[in-house]
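Given next are the chains, with one letter for each unit.
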Amino acid sequence: MRLFLLLLMVLSPSLAHAFEIPQVCRQLIVGTTPDWDSSEVSIQRWERQSSGKWKRVGSRWKGRIGREGSAWGLGLHPGVPFGPIKKEGDGRAPAGVFRIGNAYGYAPGTIKKPSLIYHQVTERDLWVEDATSPYYNRHLQLTDRAPQTPWELEAQMRLNDPAHALKLFIAHNAPPDAVPGAGSAIFFHIWRRGGDAPTSGCTVQEKKYLETLIAWVDPGLSPLYVLLPNDVYKNFRDNWQLP
C-alpha cells in the first residue's frame, strides 16, 4: 500500500498539493487507524499556535469506528483515486477532513464553549437517513406531535440509548450539498461495551473523553476532524499541513 501511494503521488502531484488544512483552522481532531479495514482508531487533539505550528493537546485516547473500517467520505478534502468510497449502510466511517457541527444530547445541557450550539434531544427530534428524502442527512424537529408514522419512528434520534445520550456532528456529506446514498448521520458519540463494539460509521469513545472533546471544541477556531489510515496520513501529512 505504501509503494502504491507513493507512486500515485509521483504520477499525480497535483492531487497531493491541491489541498491543505485552512489557516483559519486552529483546532484539529486527528483520528488514525491501522488500515482501511480496521475499526480501531487513535484520537489526538491539536491546536495551531501563532507561529503556525501544531501543538498537541492532552493525551491520546482509543476509540472505535465503522465495523468495516473506513472509506473516503465527502468533506473538505479533494477526491483521491485510491481506497474505498463511503456509501450509505456500508459499515464504514468516512475518512478525510470534516467540519465539526452542533452537539446533541438527552440532558438539558452540557459543559461546552458558549459558541457551540447544543440541542437537547426529545422524542420529537429526527435525523433523516432516508436517501430518497429531500431532508437526507438533516436534523428535523416535529413541532406539534410525537413521531407517528413508520418513517418518523425510524428517524427518531432519542431511543433512550446511553450510547447516543451525547453526540457531536461530524459534517460528512453535510447539507445543503448532501449526496443521496453517500452516507449520513455521522457523529462522535459514546462507545458500547467498553469499546468492544464497532459502529456503523460513527467515531465513538469513552464518555469522559467525549465530554472532554465537546468542552474543548470552539467553533470560533474553525475546528476540523481528520480521519485517515496511518499510511495515508503519513503520505499526506506535509502536503495537507497536518500535525
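Coordinates for the structure precede this section.
Here's a quick rundown of the structure. (Residues numbered from 1 in each chain as written. Predicted model: local features only at pLDDT ≥ 70, side-chain atom pairs only at ≥ 80, totals over all residues. Heavy atoms only, no water.)

## Describing helix α4 (residues 207–216)
Then, in step 1: Every buried residue belonging to α4 is among Leu210, Leu213, Ile214 and Trp216, and all of these are buried. Buried residues in α4, looked at end-on, bunch into an arc of 165 degrees, giving them a common side. (Buried < 20%, exposed > 50% of the residue type's maximum accessible area, 1.4 Å probe, protein only. Helix = DSSP H or I, 4+ residues; strand = E, 2+ residues; numbered from the N terminus. Arc of directions from axis to C-beta.)

## Points about the pairing of strand β2 (residues 40–48)
Then, in step 1: Summarising burial for β2: 7 of the 9 residues are buried, a large majority.
Then, in step 2: Here strand β1 (residues 27–33) pairs with β2 via 6 bridges, running antiparallel. Looking across to β2, one finds that valine 30 is bridged to glutamine 44.
Then, in step 3: Joining the antiparallel neighbours β1 and β2 is a turn of 6 residues.
Then, in step 4: Relative to strand β3 (residues 54–64), β2 runs antiparallel, the two sharing 8 bridges. Paired with tryptophan 46 across the two strands is arginine 56, which belongs to β3.
Then, in step 5: Where β2 hands over to β3, the hairpin turn is made up of 5 residues, of which glycine 52 adopts a positive phi near 95 degrees. (Pairing = 2+ DSSP bridges.)

## Comments concerning the packing of aromatic side chains
Then, in step 1: Following the criterion strictly, the structure yields 12 aromatic pairs and no others.
Then, in step 2: Plain terms: the ring middles of tryptophan 127 and phenylalanine 169 are 5.0 Å apart, the flat faces sit at 50 degrees to each other, and that makes the pair tilted. Placement of tryptophan 127 in strand β7 (residues 125–127) and of phenylalanine 169 in strand β9 (residues 166–170) is noted, with a sequence separation of 42 residues between them. In this structure, tryptophan 127 and phenylalanine 169 share a single accessibility class: buried.
Then, in step 3: Every member of this aromatic cluster is reached through a ring pair, and the members are Phe19, Trp36, Trp72, Phe82, Phe236 and Trp240. (Phe/Tyr/Trp six-rings, centres within 6.5 Å; stacked < 30°, edge-to-face > 60°.)

## Remarks on the nonpolar core
Then, in step 1: Judged by nonpolar contacts, the single largest core of 25 residues is most densely connected at Ile29, Ile100, Leu168, Phe188, Ile214, Val217 and Tyr225.
Then, in step 2: Where this core is concerned, the elements lending two or more residues are β2, β3, β5 (93–105), β9, β10 (187–190), α4 and β12 (224–229).
Then, in step 3: The residues touching leucine 168, leaving out its near neighbours within four places in the chain, are Ile100, Gly101, Asn102, Ala103, Leu116, Phe187, Phe188, Ile214 and Val217.
Then, in step 4: Counting residues in hydrophobic clusters, the runner-up holds 21 residues, among them Phe19, Ile21, Val80 and Leu228. (Core = buried A, V, L, I, M, F, W, Y, C linked by side-chain atoms within 4.5 Å. Contact = heavy atoms within 4.5 Å.)

## Let's talk about the pattern of salt bridges
Then, in step 1: Counted under the stated rule, the structure contains 4 salt bridges.
Then, in step 2: Aspartate 37 is paired through a salt bridge with arginine 92; the nearest N and O atoms lie 3.0 Å apart. Of this pair, aspartate 37 sits in the loop between β1 and β2 while arginine 92 sits in the loop between β4 (70–72) and β5; the two residues are 55 residues apart in sequence, bridging distant segments of the chain.
Then, in step 3: Across the pair aspartate 90 and lysine 86 runs a salt bridge whose closest N-O atoms are separated by 2.8 Å.
Then, in step 4: Taking relative accessible area as the criterion, lysine 86 reaches 5% and is therefore assigned buried. (Salt bridge = Lys/Arg side-chain N within 4 Å of Asp/Glu carboxyl O.)

## Notes on unusual backbone geometry
Both trends apply: most residues other than glycine have a negative phi, and most peptide bonds are in trans.
Then, in step 1: A cis amide bond links proline 175 to the next residue, proline 176, at an omega of 10 degrees.
Then, in step 2: One can find proline 176 in the loop between β9 and β10.
Then, in step 3: Despite not being glycine, asparagine 160 has its phi angle at roughly 55 degrees, a positive value.
Then, in step 4: Relative to the assigned elements, asparagine 160 resides in the loop between α3 (150–155) and β9.
Then, in step 5: Phi at arginine 193 takes a positive value of approximately 50 degrees, unusual for a residue other than glycine.
Then, in step 6: Counting through the fold element by element, arginine 193 comes out in the loop between β10 and β11 (203–205).

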